[in-house]
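Chain and residue survey
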Amino acid sequence: MPWPGFITFQFELVNKFTANESEYYGPFNALLNELFPASEDYQVAPHFKCIAGSVDFTLIYFITR
């Protein structure tokens, strides 16, 4: 199934050579909300998990219905 044009456009806005992963948050959020729409009782919620002693963190998406 090909992605709709408005989804691919969101990913095209991100610099292909970026080292900043947060630039993908918007496009992934748009994609997940397209695949799991609120109109079908889905909820997409990003959660951040900090790792003790690290300056980095993990982004996890919880999808519930």
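Refer to the preceding data block for the structure.
Residues numbered from 1 in each chain as written. Predicted model: local features only at pLDDT ≥ 70, side-chain atom pairs only at ≥ 80, totals over all residues. Heavy atoms only, no water.

**Considering the overall build of the protein**
Tallying secondary structure elements over the protein gives two helices and two strands in all. Along the protein, from the amino end to the carboxyl end, the secondary structure elements read α-α-β-β. For a compact globule of 65 residues, the expected C-alpha radius of gyration is about 11 Å, and the protein comes in at 14 Å, more than 25% above that figure. Reported as C-alpha extents along the three principal axes, the dimensions of the protein are approximately 40 × 30 × 15 Å. (Helix = DSSP H or I, 4+ residues; strand = E, 2+ residues; numbered from the N terminus. Rg over C-alpha atoms; globule rule 2.2 N^0.38 Å.)

**Looking at the packing of aromatic side chains**
What the rule picks out here adds up to five aromatic pairs. When the centroid spacing of 5.3 Å and the interplanar angle of 35° are considered together, the rings of Trp3 and Phe11 count as tilted. Given a relative accessible area of 18%, Phe11 falls into the buried group. Taking the centre distance of 6.4 Å and the plane angle of 40° together, the rings of Phe11 and Tyr24 count as tilted. One end of the pair, Phe11, is in helix 1 (residues 5-12); the other, Tyr24, is in the loop between helix 1 and helix 2 (25-35), and 13 residues separate them in sequence. An aromatic cluster is present here, built from Trp3, Phe11, Tyr24 and Phe28 joined pairwise through their rings. (Phe/Tyr/Trp six-rings, centres within 6.5 Å; stacked < 30°, edge-to-face > 60°. Buried < 20%, exposed > 50% of the residue type's maximum accessible area, 1.4 Å probe, protein only.)

**Here's the deal with the environment of Ile63**
Take Ile63: it is sitting in strand 2 (residues 57-64). On the basis of relative accessibility, which here comes to 35%, the residue Ile63 falls in the partly exposed class. Once residues within four sequence positions are removed from consideration, Ile63 is found in contact with Leu32, Phe36, Tyr42, Gln43 and Val44. (Contact = heavy atoms within 4.5 Å.)

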